[in-house]
Amino acid sequence: MSCGYEVEARVRQRLHWLAMHGVIRGLATMAARRGDPQGRLVADPAVRADPVPFYEELRPQGPLIRGRISFLTVDHGVAHELLRSEDFRVISLGANLPAPLRWLERRTRTGLLHPLRPPSLLAVEAPQHTRYRKTVSAVFTPRAVASLRERVELTAHTLLDRLADDPGGSGVVDIVDRYCALLPVAVISDILGVPERDRARVLQFGELAAPSLDMGLSWSQYRRVESGLAGFNRWLDDHIAELRRNPGDNLMSELIQASDTDVHLTDEELRAIAGLVLAAGFETTVNLLGNGIRLLIDSPEQLAVLQQRPELWPTAVEEILRLDSPVQLTARVAATDSVVAGTPVARGEMVVLCLAAANRDPAVFDHPHRFDVTRDNAGRHLSFSGGRHFCLGAALARAEGEVGLSAFFDRFPEVGIAAAGTRRDTRVLRGWSNLPLRLGPSRAMVPRG
Ligand code: HEM
């Protein structure tokens, strides 16, 4: 690369960051100092460390709260309604920026796929959305997903065998690194035909790109995200080309075939769909497993209930999704002038839906901050969103949660916390980046059911 080109690329990248994140970050920091809720959500480190007290501060302010940049809701009823409303749409990255920044963003963006930019499923509505979803559902049939459960079990036990054989010199294991991250990546890689040798690399791209869902990134975070997205884009191109030449017995090969013959997706559409399924497949479930392990170790009486009544594991997974939601937020924009909970919302205005806060709405959940693996309406959480963008991987994530957590606690019934652990530095996604545990003695595998 010539020096002139490198400088130009760097200037372009800097301008793109400024348009996408830098200005918003500056404004949000100022707004946060004045107590603005959206500003605090973007820029307050205390909210990032633990958003629950912040959600509870907002709750008395009503079902729809006006911030400087957008509306926010922590209300279950409002979030549920907006996710299903035809009057509210998903937001494409950059579309809601003020006009001059939008102009700059368009002129400086790279052609990299981004989970929040069309043709990603998360950034389009009908008719494209309907067509893309049909394509994925045709491959991700309930039968295909049911058959994945066995694969999940096999993978979980293989990883747990390895942990039991090699718990590390000090007996302390970072369970995120050794289990929670590996199970979803192994499962989704099997499904999508990702060879063993590529998995660590794909996991690393995902880790780098995870903050891509957040607003107001710092320059260094932004650069890490861009390098993760660039690496992932390059790898995905090669992977799709390889599966086109040598299709295998996996859902990605089926998706490619369907896109070439039946539904006629463009290459970009195919890459966006396949890339999102792959990334969503491991960037979220890792958090479900880590959050669940931590919650259950911190609540031994709840773990004891599950040990007595293993049929409650599915409810426990719903309760973990409710109480420590792996995806905390999403947003929608008004497609037309509307009224929400009695407040007018003009066309083009954005509403941030705090899914994790809706999951603690006392109007729906009794004692909402209590962790209760017998809670009969735990499944009413909004952690998988709702309406037409409802998570396409929910059944798989539930299977991974049930099998992954129950198998772990069956194998290591005396596991305990070895050190405090650290949370991931992301706002939309919430989970542990490391969680050091002392595993204790391992029990032989007990097959279930
Ligand atoms: C605990 C794990 C998971 C959680 C909490 C989760 C959460 C979500 C949420 C909240 C959305 C919708 C966002 C919105 O409405 O704006 C979503 C969409 C999606 N998820 Fe998941 N997800 C999980 C696992 C998975 C897995 C394992 C896969 C793939 C195998 C997956 C694939 C997708 C796809 C493709 C979409 C886009 C659907 C659409 O826009 O129509 N997810 N997920």
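Look up a bit, the structure's there.
What you see is a predicted model; the values in this text were computed from it and never measured. (Residues numbered from 1 in each chain as written. Predicted model: local features only at pLDDT ≥ 70, side-chain atom pairs only at ≥ 80, totals over all residues. Heavy atoms only, no water.)

**Student:** Just checking my understanding: could you explain the site of the ligand for this structure?
**Tutor:** If you check the shell around the ligand, you find 28 residues, and the closest are His129, Arg133, Thr330, Ser385 and Cys391. Thr330 is positioned with one of its side-chain polar atoms (N or O) 2.6 Å from an oxygen atom of the ligand. Take Arg332: an N or O atom from its side chain is 2.8 Å from an oxygen atom of the ligand. Of all the secondary structure elements, the ones that give two or more residues to the shell around the ligand are α7 (128-139), α14 (267-283), α15 (285-298), β5 (329-334) and α19 (394-411). Top contributing element to the shell around the ligand by residue count: α14, with 4 residues. Across the shell around the ligand, the residue classes break down as 16 nonpolar, 9 polar and 3 charged. (Near = heavy atom within 4 Å. Polar contact = N/O pair within 3.5 Å; in protein donor to acceptor, adjacent residues only side chain to side chain. Helix = DSSP H or I, 4+ residues; strand = E, 2+ residues; numbered from the N terminus. Nonpolar A, V, L, I, M, F, W, Y, C, P; charged D, E, K, R; others polar.)

**Student:** So what exactly am I meant to see when it comes to the sheet that holds strand β3 (residues 88-89) here?
**Tutor:** The strands that make up a sheet are held in pairs by hydrogen bonds between backbone atoms, and each pair lies either parallel or antiparallel. Taken together, 5 strands build an open sheet; the order of strands is β1-β2-β8-β5-β3 and the sheet is mixed. In the strand order of this sheet, the two ends are held by β1 (65-66) and β3, each with one partner. As defined by bridge partners, β5 adjoins strand β8 (residues 350-354) across 5 bridges and the pair is classed as antiparallel. Bridge pairing links Leu329 to Cys354 in β8. The sheet strands contacting helix α5 (residues 76-84) are β2 (71-73), β3, β5 and β8, and the helix crosses β8 at an angle near 125 degrees. (Pairing = 2+ DSSP bridges. Contact = heavy atoms within 4.5 Å. Axes fitted to C-alpha atoms, helices over the stretch in contact; angles between N-to-C directions.)

**Student:** I tried to follow the packing of aromatic side chains on my own but got confused; where do I start?
**Tutor:** What characterises a pair of aromatic rings is the spacing of the ring centres plus the angle enclosed by the ring planes. Here the structure, examined in full by the defined rule, presents 9 aromatic pairs. Aromatic pair Phe408 and Phe409: ring centres 5.1 Å apart, planes at 80 degrees, arrangement edge-to-face. A relative accessible area of 2% means that Phe409 is categorised as buried. Pairwise contacts between aromatic rings join Tyr179, Trp313, Phe408, Phe409 and Phe412 into one cluster. The cationic tip of Arg322 hangs over the ring face of Phe365; the distance from NZ or CZ to the ring centre is 5.0 Å. Lying across the ring of Trp432, Arg423 places its NZ or CZ 4.2 Å from the centre. (Phe/Tyr/Trp six-rings, centres within 6.5 Å; stacked < 30°, edge-to-face > 60°. Buried < 20%, exposed > 50% of the residue type's maximum accessible area, 1.4 Å probe, protein only. Lys NZ or Arg CZ within 6 Å of the ring centre and 35° of its normal.)

**Student:** Teacher, can you tell me more about the coordination of the iron atom of the ligand here?
**Tutor:** Ideal values differ by geometry: the angle at a metal is 109.5 degrees with four tetrahedral donors, but 90 or 180 degrees with six octahedral donors. For the iron atom of the ligand, the protein contributes exactly one donor atom, Cys391 (SG), at 2.3 Å. In this fold, Cys391 is placed in the loop between α18 (355-358) and α19. (Donors = N, O, S within 2.8 Å, 3.2 Å for Na, K, Ca; no water.)

**Student:** Explain the packing of helix α8 (residues 142-165) against α19 to me, please; I cannot follow it from the model alone.
**Tutor:** As a packed pair, α8 and α19 sit with axes 9 Å apart at the nearest point and diverge in direction by 30 degrees. Judged by the angle between their axes, α8 and α19 are roughly parallel. Between α8 and α19 the crossing geometry is right-handed. Taking contact as the criterion, the partners of Val145, Leu148, Arg149, Val152, Glu153, Ala156, His157, Leu160, Asp161 and Ala164 in α8 are, on α19, Ala395, Leu396, Ala399, Glu400, Glu402, Val403, Ala407, Phe408 and Arg411. A breakdown of the residues in the contact of α8 with α19 according to their chemical character gives 12 nonpolar, 1 polar and 6 charged. (Parallel < 35°, antiparallel > 145°, perpendicular 65-115°, else oblique. Left-handed = near helix turned anticlockwise from the far one by under 90°.)

**Student:** What am I meant to see in the sheet that holds strand β12 (residues 436-438) here?
**Tutor:** The strand order across the open sheet built from 3 strands is β4-β12-β9, with neighbouring strands paired in antiparallel fashion. This sheet does not close on itself; its edge strands, each paired only once, are β4 (172-174) and β9 (416-417). Looking at chain direction, β4 and β12 are connected through 3 bridges and run antiparallel. Among the inter-strand pairings, Val172 is bridged to a residue of β12, identified as Arg438.

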